[in-house]
Amino acid sequence: MISFLQPVIKKEQIPQEQVFPTYKKYRLMTLIGIIIGYACFYIVRNNFALSTPFLKSDLHLSITSVGLLSNYMLVAYGLSKGYMSSFSDKADPKRFMALGLLLCALINVAMIFSSDLWQFSILAILLGTFQGMGVGPCFISIATWYPKRERGIVGAIWNTSHNIGGGIVAPIVTASLFWLGSGHWRLASYLVPALLASLGVLVVMFLVKGSPRAEGLPDLQHIVDDGDSLDALKKKDPAVDNMNSWQIFKTYVLPNKNAWFVSLVDTFVYTVRFGMLTWLPIYLLQVKGFSKEQMAIAFMVFEWAAIPSTILSGWISDKLFRGYRMPPAIIAMVLIFFCIIGYWHSTSLDTITIFAAIVGCLIYIPQFLASVQTMEIVPSYAVGSCVGLRGFMSYIFGASMGTSLFGFAVSRIGWNGGFYILFAAVILTIVFCFLTHLGARKLHKEAQILRQNQN
């Protein structure tokens, strides 16, 4: 790993009387930093989906080609999320995340000067690759700075970064188009988001901290009670410090069936999410008769509607369901099934927007809860590797089904075929949520027994 990305360990230790105040300050700074930073990753990702109608008309692409172009980025992102998240276990989270965001901004600038399908394809692949550098540092930061009993609500607050970034990009691009004119859609779609992402790089570098130990503090379990987390209940294997990313992955993640169950939850959630998100602009413009302004509003509502529901679901999973993450996810997926039917068959613009908002409100709940579950089925030093597996599965298979397979189905048998894929994905998500819940219950019981034996 290049020296710039290696963790920086402070030699001086924080005095004992300053440990807890410093810990509270650093963890808040880190949370704010990863929220803003990851929101910026979405600003230079979802802007590509908003540009697809212009790409379709200017490059004379078919719907299938648009789906494939989007899928190039998602496949590259899925692969990158797998190995980049594993690399982040051994990297300084601040520098790793900031570098990835800067590279994403530069790729967006390069898109301004691209003029054919092959150029956009290469840049989409590069963009997906660098996007994979964002999520690992976020999960690692939460796992190392916040105890298990707080990760539901804290993870929910961080998860709003998806919706803040994904939602704000639509009004940003629309306002830029209004200001610059549709003839300059490349500047509006790519340059303006790239400039905002560059500001996000500075925020990440200033606010995000390394692990408590790297900042001169004791490990988390020595500062606050970490409950029945794996780190608190099991002594860290000294050999971990000498393991590379692959060794951590094959030891703590690859043989872990719960890691596979939660990855499959994410796989089919992403099929639904990207089946809606990627095709929402074209579907609303071509099938439902929305104007570009109405489409931008619906796109924004789809993203922002999830903010209150995600925070509420984190609190509910912490308090009402006592740390079990999957029951609220199952409830959300059942409701999504019926809302997709309404979105599909409604003819009123207001009703369609409402159903899109409800799906957007609910779809991030199982995705977020799967993220929190990931932090609780492996030790903190393997979180990045587990996130990598989940990311690989969700994007290589889940997002591909929501983009390329959806587009292929629409081309062959019409939009109904795309919706059949969404319904199947909802059902499979519920199945794997149930299996994940059973695995979490077993881990919880083992943790209780271990705690009793330690006492």
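Keep in mind the model is a prediction, meaning the values are calculated, not measured.

Looking at the overall build of the protein chain
Along the protein chain, the regular secondary structure elements total 17 helices and 0 strands. Counting the 455 residues in the protein chain, one finds 60% classified as buried. Long-range contacts, defined as pairs at least 24 residues apart, comprise 84% of the intrachain contacts of the protein chain with a sequence gap of at least 6. With an accessible surface of roughly 18,000 Å², the protein chain has 67% of that area assigned to carbon and sulfur atoms.

Quick look at a nonpolar patch on the surface
Judged by side-chain polarity, Leu28, Ile32 and Ile36 come together as a nonpolar surface patch covering roughly 240 Å² of accessible area. Within the secondary structure, Ile32 is located in helix H1 (residues 19-58).

Description of the side chain of Gln131
Looking at where Gln131 falls in the secondary structure, it is placed in helix H4 (residues 117-131). Judged by relative accessible area, Gln131 falls into the buried class, the value being 0%. In terms of polar contacts, Gln131 uses its side chain to reach the side chain of Arg45, at 2.9 Å. Setting aside residues no more than four positions away along its own chain, Gln131 makes contact with Phe41, Val44, Arg45, Tyr77 and Cys104.

Quick look at the nonpolar core
Among the nonpolar cores identified, the biggest contains 131 residues, and Tyr38, Phe48, Trp158 and Ile340 are the most heavily contacted of them. Among the elements that take part in this core, H1 stands out by supplying 16 residues, more than any other. Ignoring anything within four residues of it in the chain, the contact list for Tyr38 reads Arg45, Tyr77, Met97, Gly134, Val135, Cys138, Trp158, Ser161 and His162.

Re the packing of helix H2 (residues 63-88) against helix H5 (residues 135-145)
The geometry of H2 relative to H5 is characterised by a closest axis approach of 8 Å and an angle of 40 degrees between their N-to-C directions. Looking at the two axes, H2 sits oblique to H5. You can see that H2 and H5 cross each other, and the crossing is right-handed. Residues Lys81, Ser85 and Ser88 of H2 lie in contact with H5, whose contacting residues are Val135, Gly136, Pro137 and Ile140. Its residues assigned to classes, the contact of H2 with H5 shows 3 nonpolar, 3 polar and 1 charged.

A look at the packing of helix H15 (residues 349-375) against helix H16 (residues 383-413)
Close contact between H15 and H16 brings their axes to 9 Å; oriented N to C, the two are set at 145 degrees. By crossing handedness, the relation of H15 to H16 is classed as right-handed. Of the residues in H16, those in contact with Ala370, Ser371, Thr374 and Met375 of H15 are Val383, Cys386, Val387 and Arg390. For the contact of H15 with H16, the per-class residue count stands at 5 nonpolar, 2 polar and 1 charged.

Remarks on the pattern of salt bridges
Evaluation of the coordinates by the stated rule reveals 3 salt bridges. The partner of Arg213 in a salt bridge is Asp219, and the shortest N-O contact between them spans 3.3 Å. Judged by relative accessible area, which is 43%, Arg213 ranks as partly exposed. For Asp219, a relative accessible area of 25% corresponds to the partly exposed category. A salt bridge links Asp266 to Arg390; the nearest nitrogen and oxygen atoms lie 2.6 Å apart. Of this pair, Asp266 sits in helix H10 (residues 257-277) while Arg390 sits in helix H16; the two residues are 124 residues apart in sequence, bridging distant segments of the chain. Just as Asp266 is buried, Arg390 falls in that class too.

Looking at the confidence of the model for the protein chain
The predicted coordinates ought not to be read in detail in places where the model reports low pLDDT. With 90% of its residues at a pLDDT of 70 or more, the protein chain shows a mean pLDDT of 83. Element-level pLDDT for the protein chain is lowest in helix H8 (residues 230-233), with a mean of 54, against a maximum mean of 94 in helix H3 (residues 93-111).

Focus on the packing of aromatic side chains
In total, this model carries 21 aromatic pairs according to the counting rule given. Note on Tyr83 and Phe87: the rings are 6.1 Å apart at their centroids and 55 degrees apart in plane angle, and the pair reads as tilted. Taken together, the positions of Tyr83 and Phe87, both in helix H2 and 4 residues apart, correspond to about one turn of that helix. Relative accessible area serves as the criterion here: at 38%, Phe87 is assigned to the partly exposed category. By way of ring pairs, the aromatic residues Phe337, Phe338, Tyr343, Trp344, Phe419, Tyr420 and Phe423 are connected into one cluster.

Conventions we followed
- Residues numbered from 1 in each chain as written.
- Predicted model: local features only at pLDDT ≥ 70, side-chain atom pairs only at ≥ 80, totals over all residues.
- Heavy atoms only, no water.
- Helix = DSSP H or I, 4+ residues; strand = E, 2+ residues; numbered from the N terminus.
- Buried < 20%, exposed > 50% of the residue type's maximum accessible area, 1.4 Å probe, protein only.
- Contact = heavy atoms within 4.5 Å.
- Areas by Shrake-Rupley, 256 points an atom, 1.4 Å probe, with all protein chains shown as cover.
- Patch = residues over 30% accessible without salt bridge, like charges linked within 9 Å, V, L, I, M, F, W, Y side chains within 5 Å.
- Salt bridge = Lys/Arg side-chain N within 4 Å of Asp/Glu carboxyl O.
- Polar contact = N/O pair within 3.5 Å; in protein donor to acceptor, adjacent residues only side chain to side chain.
- Core = buried A, V, L, I, M, F, W, Y, C linked by side-chain atoms within 4.5 Å.
- Axes fitted to C-alpha atoms, helices over the stretch in contact; angles between N-to-C directions.
- Parallel < 35°, antiparallel > 145°, perpendicular 65-115°, else oblique.
- Left-handed = near helix turned anticlockwise from the far one by under 90°.
- Nonpolar A, V, L, I, M, F, W, Y, C, P; charged D, E, K, R; others polar.
- pLDDT = per-residue confidence, 0-100.
- Phe/Tyr/Trp six-rings, centres within 6.5 Å; stacked < 30°, edge-to-face > 60°.

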